[in-house]
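Residues per chain are reported as follows:
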Amino acid sequence: MNPDELIQRYMMGTLSESEVIELESQLANDSNLRKQFVIAAATDTGLRDLAIQNSMEPPVVVGSTTNRNIWLIGWCAMAASLLLAIVLTTGTNEPQPIAILSTSENAAWESVLPTTVGSNLVAGEMKLMTGIATVEFGSGAKMTFEAPAQFELVDAMRVRMVDGAAVIDVPESAHGFVVETPGGYAVDHGTQFAVSVKESTQTSDFEVLQGEISVHHPASGEEVRLFDEEFASLSNDVLSAHPGLSSEQEYDQSNAAGPQLLRIGTEGRANYVIRNNRRGKWIHPEMLMVKRADSRKWDMRAFFSMNVSGVDLNSVTTARLRLNQVPSGKGFASRLPKLNTFAIYGVTNPSKEVLKDESTWEDAPDITDGILLGKFDVPRSQQTGTFGIQSGVLLEFLRSDADGKVTFVLIRESGLIEGTDRGLVHAFANDAHPEVSGPLLEFTLD
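Thresholds applied
Residues numbered from 1 in each chain as written. Predicted model: local features only at pLDDT ≥ 70, side-chain atom pairs only at ≥ 80, totals over all residues. Heavy atoms only, no water. Buried < 20%, exposed > 50% of the residue type's maximum accessible area, 1.4 Å probe, protein only. Helix = DSSP H or I, 4+ residues; strand = E, 2+ residues; numbered from the N terminus. Pairing = 2+ DSSP bridges. Phe/Tyr/Trp six-rings, centres within 6.5 Å; stacked < 30°, edge-to-face > 60°. Lys NZ or Arg CZ within 6 Å of the ring centre and 35° of its normal. Salt bridge = Lys/Arg side-chain N within 4 Å of Asp/Glu carboxyl O. Polar contact = N/O pair within 3.5 Å; in protein donor to acceptor, adjacent residues only side chain to side chain. Contact = heavy atoms within 4.5 Å. Arc of directions from axis to C-beta.

1. Thoughts on the pairing of strand E25 (residues 440-445)
Here comes step 1: Among the six residues in E25, five count as buried, and that is most of the element.
Here comes step 2: Bridge count for strand E15 (residues 260-264) against E25 is five bridges, and the pairing is antiparallel. If you follow Gln-260 over to E25, its bridge partner there is Leu-445.

Next comes the structure, spelled out in structure tokens:
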């Protein structure tokens, strides 16, 4: 007997014991038939309730085949009415949440999905314009996105990165979590890893911070396994794995009655060093980079000099040292504390005031060669802006210098909150930066 007839006769209560056993066997082996049976049972129950509510007697099968067909037609009409009522009552199925927005730091969005902390997120695209935000998936996986970033939430076990960077934490419950990128995808095997996607070049970089992932390149069928501190690059074509102010003084006068504002730059006397003394491609002349990490080998500090001999410091009422922060494109901000402290020292050791073109970590000016002039804080979610110090200590340091050539050292005091490396490298503009000015001393004169 075919399954439809078995289900129909079961609802009518005319199955023999052997036929009931046959139906149970077919239901156990066919998931689609089980769904069909559930729908039939629900419809049957609803129709009986509807009949009772309307004081109707359930149809009775009597007489000829013609009468049976009439009864079936009536039963189907009643079923159609019930199903229409259910559809009108319940409406269309709403998409189910697959994640929540768990944190948001200085974030600005372009998104049709909700962007307030604690919001449930369904599948869809999001674009983080500024700041840092964490999305926690229903599977338990967490992704911390760093602006600018564009991505699509696919389901509780999958995300599609279009552009930008993110750090992914995957607990045991989410093993197998997939991150799609241009050219391929990565599958997590229980780890913390980072991904950086450049939409303009359709390339992706993966790095395992702890654990293991597999990176797949469907175009070639290649797959590589990455473990702690290993990374891979992916494009449409290939998958490759890798083990492991102006220079002159400026005078601005707002009006004849107002105070003068004098700005002095470094005139190219600025640089930074790396603890392992790597140079070449590691040194970017348009930036001054600073970093502190537990591994220490990639620590960086910056230093710069200015000539203030032409300034009448006795006429100066305020002195401010200004730095313009720019994105470094190196490391991940989510590995840093939410607020990062920077310190500026004034060099008092005369032998360290003369800067060399290619200083080493050992011979470059250091904080031990001077005095602390001040500190400032930068949120980890911010990678552009103007920072610096303005204090009486700074002005006294300038006035105490004998030859008017002053040198400063810039360090980041904040380290990492996890791991030993791959935290964000902070950068500030040097004179060679194409968009913003390098370090400036600003004086207000009577």
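2. Description of unusual backbone geometry
Here comes step 1: In this chain, Ala-147 is followed by Pro-148 through a cis amide linkage whose omega measures -5°.
Here comes step 2: Summarising the element assignment, Pro-148 is placed in strand E4 (residues 142-155).
Here comes step 3: A positive phi is found at Glu-229, a non-glycine position, where the angle reads about 65°.

3. Points about the packing of aromatic side chains
Here comes step 1: As enumerated under the stated definition, the model contains ten aromatic pairs in all.
Here comes step 2: Taking the ring centre of Trp-361 as reference, the NZ or CZ of Arg-301 above it sits at 4.3 Å.

4. Quick look at the pattern of salt bridges
Here comes step 1: Tallied over the entire structure, the rule returns 18 salt bridges.
Here comes step 2: The salt bridge involving Arg-160 is made with Glu-180; its shortest N-O contact spans 2.7 Å. Separated by 20 residues along the polypeptide, Arg-160 in strand E5 (residues 158-169) and Glu-180 in strand E6 (residues 178-181) bring together distant segments of the chain.
Here comes step 3: Through salt bridges that share partners, Glu-152, Arg-158, Arg-160 and Glu-180 make up one connected network.

5. A word on the side chain of His-217
Here comes step 1: Here His-217 is to be found in strand E10 (residues 213-217).
Here comes step 2: Among the residues examined, His-217 registers a relative accessible area of 2% and is labelled buried.
Here comes step 3: A distance of 2.7 Å separates polar atoms of two side chains, one belonging to His-217 and the other to Ser-220.
Here comes step 4: Setting aside chain neighbours within four positions, we find His-217 in contact with Gly-183, Glu-222, Leu-234, Ser-235, Asn-236, Asp-237, Val-238 and Leu-239.

6. Considerations on helix H1 (residues 3-12)
Each α-helix winds once per 3.6 residues, and so residues spaced three or four apart point in a common direction.
Here comes step 1: For H1, the full list of buried residues reads Leu-6, Ile-7 and Met-11. When H1 is viewed along its axis, its buried side chains cluster within an angular range of 130° and face the same direction.
Here comes step 2: Downstream of H1 by a residue or two, Gly-13 has a phi angle that is positive, lying close to 75°.

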